[in-house]
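Spelled out from the first residue to the last, the chains are:
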Amino acid sequence: MDEQSSLGRGRPAAPPLRDINPVLERITRRLAARHSRAFSPETVENYVEECSWLLSAKARVGHHLPVLVERFADQRLGALARGMGLSPKPVPEVLFVCTENAGRSQLAAALMRHRAGDAIRVLTAGSAPGTEIAPVVLRLLAEQGLDAADEFPKPLTTEVVTAADVVVTLGCGDACPVRPGRRYLDWELPELCGLDIETARSVRDALAARIDVLARELLSTEVHRT
C-alpha cells in the first residue's frame with residue numbers, strides 16, 4: 001500500500017524510531033483496555049510483540065510501523081475473541097486470502113465493504129504478504145469512487161480463519177488452514193499485476209459479480225436467522 005495514500009498525502013516523513021519499545025508499551029495499554037473483557041494484559045502484550053515482529057520484516061513498513069502494529073494486533077485480538085465466543089459476533093464474517101494480500105484479496109474486500117457496508121465484517125490476509133497494495137488495485141477502486149481505506153498487506157493467521165464464516169481464497173493454493181464449520185470458496189481469477197488495464201477491469205467486474213452473489217446469500221441467511 002502506498003504509504004502516502006493510506007496515511008495522508010503530502011505529509012513529511014517522520015523520523016525513524018530509535019527505540020520502539022515505549023511505543024509498543026503504549027499500544028499494549030490501549031489494546032489491553034479495549035479487550036479487557038476477553039484477554040489478560042499479558043496476552044495482549046504477546047500479540048503486540050508478535051505483530052511488531054511480523055510486520056517489521058517488511059521493508060517498506062518503515063516509519064508507520066506502530067500504527068500498523070496496533071491495527072493488526074487489534075484485528076487479531078478481535079477475531080480471536082469472536083472465534084472463541086468471548087465477544088459478540090453480530091454479523092457474518094468473510095475472509096479474503098491471496099498470496100501477497102496486495103492485489104485480488106484487497107480488491108475483493110473493498111468491493112464487499114462497498115456492497116454490504118457494516119452488515120458483513122470483512123478481513124484480508126496473505127500467505128506471503130507483500131509490502132504495499134498494488135497500484136493497479138488502487139486505480140481500479142478509484143475508477144469506481146472507492147479506496148482501500150486503512151488496509152495494508154498482512155500475514156495470514158489462525159485467528160482470522162477461526163472467526164470467519166466464509167473464507168475466500170484467490171490464488172494462494174492450500175496455504176490457508178482448514179477449520180471445521182467454515183465455508184471455503186476458491187475463486188480462480190488471474191493475478192492483477194502484469195495485466196493490461198482492460199483485462200484488470202474485467203477481473204474487477206468478475207469479482208464484483210461473485211461478491212454480489214455471496215453478499216446476497218449471507219444477508220439473506222442473517223434475515224432468516226433473526
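Our subject in this report is the structure included herewith. A quick note: this is a predicted structure, and the numbers were derived from the prediction, not measured. (Residues numbered from 1 in each chain as written. Predicted model: local features only at pLDDT ≥ 70, side-chain atom pairs only at ≥ 80, totals over all residues. Heavy atoms only, no water.)

## Some thoughts on the side chain of Thr169
And then number 1: Structurally, Thr169 is set in strand S3 (residues 166-169).
And then number 2: Residue classification places Thr169 among the buried positions, given a relative accessible area of 9%.
And then number 3: Engagement of the side chain of Thr169 in a polar contact is seen with the side chain of Asp186, the distance being 3.0 Å.
And then number 4: Filtering out sequence-adjacent residues up to four positions away, Thr169 remains in contact with Val97, Cys176, Leu185, Asp186 and Trp187. (Helix = DSSP H or I, 4+ residues; strand = E, 2+ residues; numbered from the N terminus. Buried < 20%, exposed > 50% of the residue type's maximum accessible area, 1.4 Å probe, protein only. Polar contact = N/O pair within 3.5 Å; in protein donor to acceptor, adjacent residues only side chain to side chain. Contact = heavy atoms within 4.5 Å.)

## So, the pairing of strand S2 (residues 121-126)
And then number 1: Within S2, 5 of the 6 residues are buried, leaving the element largely enclosed by the surrounding structure.
And then number 2: Traced from strand S1 (residues 93-98) through helix H5 (residues 104-116) to S2, the parallel crossover comes out right-handed. (Right-handed = clockwise from strand over helix to strand, strands pointing away.)

## A short note on the nonpolar core
And then number 1: Counting 34 residues, the largest nonpolar core has Phe96, Met112, Val168, Trp187 and Leu214 as its most contacted members.
And then number 2: Contributing elements (two or more residues each) for this core: S1, H5, helix H6 (135-142), S3 and helix H8 (197-225).
And then number 3: Once you skip the residues sitting within four places of it in the chain, Leu214 turns out to touch Val94, Met112, Val166, Val168, Arg183, Leu185 and Trp187.
And then number 4: Counting residues in hydrophobic clusters, the runner-up holds 21 residues, among them Ala32, Val44, Ala73 and Leu77. (Core = buried A, V, L, I, M, F, W, Y, C linked by side-chain atoms within 4.5 Å.)

## Thoughts on the packing of helix H2 (residues 21-34) against helix H3 (residues 41-56)
And then number 1: Where H2 contacts H3, the axes come no closer than 9 Å and their chain directions differ by 135°. Relative to H3, the element H2 lies oblique. Between H2 and H3 lies a crossing whose hand is right-handed. When H2 is examined against H3, the residues Leu24, Ile27, Thr28, Leu31 and Ala32 are found in contact with a partner set consisting of Pro41, Val44, Glu45, Val48 and Ser52.
And then number 2: Among the residues forming the contact of H2 with H3, the class breakdown is 7 nonpolar, 2 polar and 1 charged. (Axes fitted to C-alpha atoms, helices over the stretch in contact; angles between N-to-C directions. Parallel < 35°, antiparallel > 145°, perpendicular 65-115°, else oblique. Left-handed = near helix turned anticlockwise from the far one by under 90°. Nonpolar A, V, L, I, M, F, W, Y, C, P; charged D, E, K, R; others polar.)

## Description of the sheet that holds S1
And then number 1: Read across the sheet, 4 strands follow the order S2-S1-S3-S4 without closing on themselves; strand pairing throughout is parallel. Whereas interior strands pair on both sides, the edge strands pair on one side only; in this sheet they are S2 and strand S4 (183-186). Within this sheet the neighbouring strands show an average axis-to-axis angle of 20°, counted without direction.
And then number 2: As paired elements, S3 and S4 share 4 bridges and run parallel to each other. Bridge pairing in S4 places Thr169 opposite Asp186. (Pairing = 2+ DSSP bridges.)

What is shown is where atoms sit, not what they do.
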